[in-house]
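Observations on chain architecture
Here is how the chains run, residue by residue.
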Amino acid sequence: MGYKGKFKVWRGDASGGDLTDFEVEVNEGEVVLDVIHRLQATQAPDMACRWNCKAGKCGSCSAEINGKPRLMCMTRMSTFEEDETVTVTPLRTFPVIKDLVTDVGFNYTKGREVKSFTPPADLKPGEYRMQQIDVERSQEFRKCIECFLCQNTCHVVRDHEENKVAFAGPRYLMRVAELDMHPLDTADRKNAAQEEHGLGYCNITKCCTEVCPEHIHITDNALIPMKERVVDKKYDPLVWLGSKIRRRSSSDA
Amino acid sequence: MATDTIAPGPEAPAPLSPARAKIEQKTLRTDRWWLSPLLTLLVLVAFIFYATFRAFQNADYYADGLISPFYSPCLATSCVPDSALGGFTPFGSWWALSPALLILIFPLGFRMTCYYYRKAYYRAFWQSPPACAVAEPHGKYTGETRFPLILNNAHRWFFYAGLIFNVILTWDGILAFRNGAGQWGHMSVGTLVLLANATLLWLYSLSCHSCRHAIGGRLKHFSKHPVRYKGWTLVSKLNHKHMLFAWVSLFGVALADAYVALVANGTFSNPTFF
Amino acid sequence: MSDNRQGTENTGNIERHSYDVVVIGAGGAGLRAAIEARQAGKRVAVISKSLFGKAHTVMAEGGAAAAMGNVNSKDNWQVHFRDTMRGGKFLNHFRMAELHAKEAPDRIWELETWGALFDRTKDGKISQRNFGGHEYPRLAHVGDRTGLELIRTLQQRVVALQQEDQEATGDYEAGLRVFAETTIVRLLKDAEGRIAGAVGYYRETGEFVLFEAPAVILATGGIGRSYTVTSNSWEYTGDGHALALLAGATLVNMEFVQFHPTGMVWPPSVKGILVTESVRGDGGVLRNSEGKRFMFDYVPDVFRKQYAETEEEADRWYTDQENNRRPPELLPRDEVARSINSEVKAGRGTPNGGVFLDVSSRLPAEEIRRRLPSMYHQFKELADVDITAQPMEVGPTCHYVMGGVEVDPDTQGTNVPGLYAAGECSGGMHGSNRLGGNSLSDLLVFGRRAGLYASEYVDSLGADGRPAVAEADVDDAVEEALAPLSNPGGENPYTLHHDLQVTMNALVGIIRKPEEIGEALAKLEDFKPRHKKVGSTGGRRFNPGWHVALDLRNMLIVSECVAKAALEREESRGGHTRDDFPAMSSKWRQVNLICSLNEDGTGVELRHQPIPAIRPDLLGLFETSELTKYFTDEELAVLSDKSEAAEPAEAVVAETAAETAAETAAEEK
């Protein structure tokens, strides 16, 4: 059943660090996080890693495993060969704190910049009526567990530190889309998406979707529809004209 | 699919934050992440060469009542006899170049601005990024925020134009139920080729993200528009396969053109069923 | 996260913050409390052991129980109250159960105004689903990820309030600040014994931080990390329970630990992870290795009338709930957990020591994926099992502690002035057993109340009546916390943690024997000196070994409460089953077991406290025949005298009207 697995884990902090070799027991049915825990309990008690639920629901144990951004608790050891060296490194896009733990504050900053849900002023609690088909699109985005793997993988900020100022990242552009598709939200999201949150930086290369552990179709269902909605507002004279003539904004449809 | 239109700027490397984990390797991925962008690159380059050659060739695009999709509609007086749709040649005789050049901007533009092809060429040609979690080689990146890439927002206009082309190419397929002498009630392999091409183009267009948006995606309340919601649901299903349709329709167009070319230059004759 | 976290080694220069209300815990209860306090105009700090938005609340799957009557209009707070009391076997604090049942709908509706998107009924209202122990469909839900929706909504409400502050003051954190990845190690009191603040450390840097605040709300969740097989996350180390004890507050009925009947049992690495009750609510059935739906054999007398006796009737219930009784798979959790335990012990378990939970033969695959998406996902990705094609293997897992910090039912205040508790870490609301769906509504209802009354308490102190922190206490707390780091060659904290888990799981688990509990208590005594010698290598920066060493103090003290109370209570009720006293005892129903720190602080001690008498108008909601199963003859005699004297129905109406008026007044304030 069990075997000795070969691991390389990045250890260090902002001042420097490197990949450290470990040999550690691996048992049937285990995931990468189990092995990291075993390392902590037996070989490296101060090895830093985040985790909470160990069931793929909280999005804490994000790391890069053999170069791929993944949740450690959702990466089964059976997906590797027994003689394969498994390399575990911290998320690259964010400043490292120690070992596998990074400072993900960027994401909270960006989250705070998205204007909150803005309901109609005249609706009281208990009076909200929404149809299931109208909430389903936004519900898909609310499955997000905020593991920040998409934020980490997106090359716009991963490879270009300077874009962190202008670009909110897939998770928060998806949040904008979620609110724009919310049946009762009244705020303008389209101009904000383009002008404040940097939707134009997205070149829809779909890595956010590829790494999403919740399998949310971030690109197809949130980012591209949002780009199309921005086109309605900013780049489509026909829609603009129509909205002027009918004296209503496209979002009332 | 010219790559020089997407150059985002100078190549001076901007430093990453020194607080990041210092990992030298551009990527630690151990799988063959380079395979997919490489294949995309090879296929698209091959198509560009073929399409450029054919577009400038100005020959072998009409035979036996079959017209190549690269040349339809043929809008110049220089078009070979009978190839112009209903004899409609608004460009008259002053247009001396290949008539394909008059129209190809539309299907080309449709594909250039397509949300799937954008992913494909940004990855394969511009390596921005080459694959997920693989560092891109550029120092600066502004994406689709400025000219020229901001023009990709014009996708829906090319989509609308593409629909007109789809109608014309479908009509070409119907016209192919005539024999070489223009008599109706006949059918050949060429008929099937043109109809198949038109069908694939319809699938590609209808599965397009702009189509999905226009038919219902832009609505806030599906429940108030049940018919458009149905349409949106259907298009969404097609949209899942947009990548597939993008590729097969690309091959479809090239094959349909090649078939017409081979019939027109006499390599073989178009087999008829009746 | 790049603020001034540069404390120094010198505890005299510890980083200081001053707030009106400090909320420890950023789960549902903590965030709801913080929102309420901030809305009451208080400056609030939320302390979170994890990142913001990762709290264990995200694991709640089924839904939040609230008698909105959207699916069945017969539902109302009285029915919900009745179900809650029945589920808790009448050991609940009646007033908490009452407030909970009355206020839960408002708390749910309020979430919608903050952006929550629950699943809908046909007429656009919030959809409600069936759940174990609830008479009507009552759980507001979003697929099977309701907890995530709740935490995200509260998180986004916090952000909305911060945005308001930003507009008003230019500072997002002017009125409400979240201290992520920060652990509190001690509560501080002034000379008069009132709460004065709390000391903690930033997990990232290991630097200490002092919060000066007249009111502290504990919302730290449960204690599951003291058990091997648990659905709880690492945070559930009983911090709030322990901090309360150490500050002089008391815990009530800690022997009641809920073992969720359906945790995953295979593979070993996911053992304990929850399989939501909705699987059963949506048609899933339990079978033993012989293929038998064994739950029909385990319906206790008190529930006989409400549950189906044949498979046919049970199956009809899913489509016609009016004319059929519910399947026994939907009995309260304690009953189902014990039944599974018995089947496995009788040798009719699966190879991996569980039973089968099968939904694949009951619903079409598409329907399963639609209704139980995250379960489908969880089994597919964690266990490589396709639940649309094969049954799951499940067994009991430590899930929830009904016991907790003893609080006033209306204000959530403890016996320490300025100290409040809400959510799982408070006790009383759920009696001896919690119904599924009642915890999400519990944390909203009582989180809000804690925030409201903590704010009122702060107001009552006035501007210069604030308790002052004694610097010596701060130094003590820091010194205690640093001890493991100065002993790098000491006992491995992971080993001690593991030993504790094994002990609690094996000796104070589902079925309890006095000799085993005694053994556990002896081991706990052995663990105490070992804990003193625990050491951590490495520095203070994000050092998990050190964090475990510090959490161990809390786990040990709470485990001692659980074990002592389990030994004391000589009956079986809800989340406490004694092998030697298999029946419920009416005498013991009158007793709350109160746990407090002993004189010299080396352990805990227990005392009996009479349970408050249920108000007659609330008792009137039950038929006397039902009460006879729970109450002593003396209680029943008093009851029959009263019922002759009063008209219960009218009393209820009058009471409700008075309540509503009082609460509206409170809200406007």
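What follows covers the overall build of chain B. Within chain B, the regular secondary structure consists of nine helices and two strands. In sequence order, the secondary structure elements of chain B are arranged as α-β-β-α-α-α-α-α-α-α-α. C-alpha extents for chain B along the principal axes are approximately 75 × 50 × 40 Å. Per-residue burial over chain B gives 41% buried out of 274 residues. Summarising the internal contacts of chain B: among those between residues at least 6 apart in sequence, 70% fall at separations of at least 24.

This part takes up the overall build of chain A. Within chain A, the secondary structure is distributed over ten helices and seven strands. Projected onto the principal axes, the alpha-carbon positions of chain A cover approximately 70 × 40 × 30 Å. The burial tally for chain A puts 62% of its 253 residues in the buried class. Of the contacts made within chain A by residues no fewer than 6 positions apart, 62% connect residues no fewer than 24 positions apart.

Before going further, it helps to spend a moment on the interface of chain B and chain A. It is common to report an interface's size as the accessible area lost on association of the parts. Listed by partner, the interface residues are 44 residues for chain B and 51 residues for chain A. Put simply, the parts of the chain that give the side of chain B that touches chain A at least two residues each are α4 (115-124), α7 (209-217) and α8 (226-240) of chain B. No other element matches α4(B), which puts five residues into the side of chain B that touches chain A.

Bringing the sheet that holds strand β4 (residues 64-65) of chain C into the picture now. With antiparallel pairing, the three strands of this open sheet are ordered in space as β4-β6-β5 (chain C). The open sheet is flanked by β4 and β5 (128-129) of chain C, the only strands paired with a single partner.

Glancing now at the interface of chain C and chain A. Across the contact, 53 residues belong to chain C and 49 residues belong to chain A. Listed by contribution, the elements that provide at least two residues to the side of chain C that touches chain A are α3 (94-113), α4 (146-169), α10 (373-383) and α15 (544-568) of chain C. A total of eight residues in the side of chain C that touches chain A trace back to one element, the largest contributor, which is α4(C). The class makeup of the residues in the side of chain C that touches chain A is 21 nonpolar, 18 polar and 14 charged.

Residues and elements named next belong to chain B. Interaxial distance between helix α5 (residues 155-175) and helix α6 (residues 189-206) falls to 9 Å at its minimum, and their mutual angle equals 160 degrees. One way to sum up the angle between α5 and α6 is to call them roughly antiparallel. Where α5 crosses over α6, the two elements pack in a sense that is left-handed. Two secondary-structure elements touch here, α5 through Phe159, Gly162, Leu163, Asn166, Leu169, Thr170, Asp172 and Gly173 and α6 through Thr191, Leu194, Leu195, Asn197, Ala198, Leu201, Trp202 and Ser205. By residue class, the composition of the contact of α5 with α6 is eight nonpolar, seven polar and one charged.

Residue and element names in this part refer to chain C. Of the two faces of strand β7 (residues 176-179), the one lined by Leu176 and Val178 and the one lined by Arg177 and Phe179 are each fully buried. Sheet topology note: the strand β3 (residues 44-47)/β7 ladder contains four bridges and is parallel. Bridged to Val44 within β7 is Leu176.

Residue and element names in this part refer to chain C. One open sheet accounts for four strands, arranged β1-β10-β9-β8; its pairing is mixed. Of all strands in the sheet, those with a lone pairing partner are β1 (15-18) and β8 (182-189), marking the two edges. Pairwise comparison of adjacent strand axes, ignoring direction, gives a mean angle of 25 degrees for this sheet. Set on the sheet, helix α12 (residues 471-482) makes contact with β8, β9 (195-202) and β10 (208-212); between it and β8 the angle comes to about 145 degrees.

Next up on the list: the nonpolar core. Core analysis: the biggest nonpolar cluster contains 337 residues, and Leu173(A), Val21(C), Val22(C), Val23(C), Val216(C), Ile217(C) and Leu218(C) have the highest contact counts within it. In this structure, Ile217(C) is in contact with Val21(C), Val23(C), Ile24(C), Ala33(C), Tyr420(C), Ala421(C), Ala422(C), Ala450(C), Gly451(C) and Ala454(C), ignoring residues within four places of it in sequence.

A separate point is the pairing of strand β5 (residues 85-89) of chain A. Residues and elements named next belong to chain A. When you tally the buried positions in β5, you get four out of five residues, the bulk of the element. Bridging between strand β1 (residues 3-13) and β5 involves four bridges; their strand directions are parallel. Bridge pairing in β5 links Lys8 to Thr87. Relative to β5, strand β3 (residues 62-65) is paired through two bridges, and the arrangement is antiparallel. Along β5, the bridge assignment pairs Glu64 with Thr89.

Residue and element names in this part refer to chain B. For chain B, per-residue confidence averages 92 on the pLDDT scale, and residues scoring 70 or more make up 95% of the total. Across chain B, α8 holds the top mean pLDDT of 98, while strand β1 (residues 62-63) sits lowest at 92. Note that pLDDT drops below 50 for residues 1-13; the model gives that stretch 21 contacts with residues more than four away or on any other chain. Scored as a whole, the predicted complex attains pTM 0.92, and scored at its interfaces, ipTM 0.95.

Our focus in this paragraph is the confidence of the model for chain A. Averaged over every residue, the pLDDT of chain A is 94; residues scoring 70 or more account for 97%. Long-range and interchain partners of residues 249-253 of chain A, a stretch whose pLDDT sits below 50, account for nine contacts in this model, where long-range means more than four residues apart.

Each pair of packed helices can be summarised by the angle the axes make with each other and by the distance between the axes. Residue and element names in this part refer to chain C. Taken N-terminus to C-terminus, the directions of helix α1 (residues 28-39) and α4 make an angle of 25 degrees; their axes are 10 Å apart at the nearest point. Judged by the angle between their axes, α1 and α4 are roughly parallel. As for the relative orientation of α1 and α4, their crossing is left-handed in sense. In this structure, α1 contributes Gly28, Leu31, Arg32, Ala34, Ile35 and Arg38 to the contact, and α4 contributes Leu150, Ile151, Leu154, Gln155, Arg157, Val158 and Leu161. In terms of residue class, the contact of α1 with α4 is made up of eight nonpolar, two polar and three charged.

Reading the values: the criteria
Residues numbered from 1 in each chain as written. Chains lettered and ligands numbered in written order. Predicted model: local features only at pLDDT ≥ 70, side-chain atom pairs only at ≥ 80, totals over all residues. Helix = DSSP H or I, 4+ residues; strand = E, 2+ residues; numbered from the N terminus. Buried ≥ 20, exposed ≤ 12 C-beta atoms within 10 Å, placed from the backbone. Contact = placed C-beta atoms within 7 Å. Pairing = 2+ DSSP bridges. Nonpolar A, V, L, I, M, F, W, Y, C, P; charged D, E, K, R; others polar. Axes fitted to C-alpha atoms, helices over the stretch in contact; angles between N-to-C directions. Parallel < 35°, antiparallel > 145°, perpendicular 65-115°, else oblique. Left-handed = near helix turned anticlockwise from the far one by under 90°. Core = buried A, V, L, I, M, F, W, Y, C linked by C-beta atoms within 7 Å. pLDDT = per-residue confidence, 0-100.

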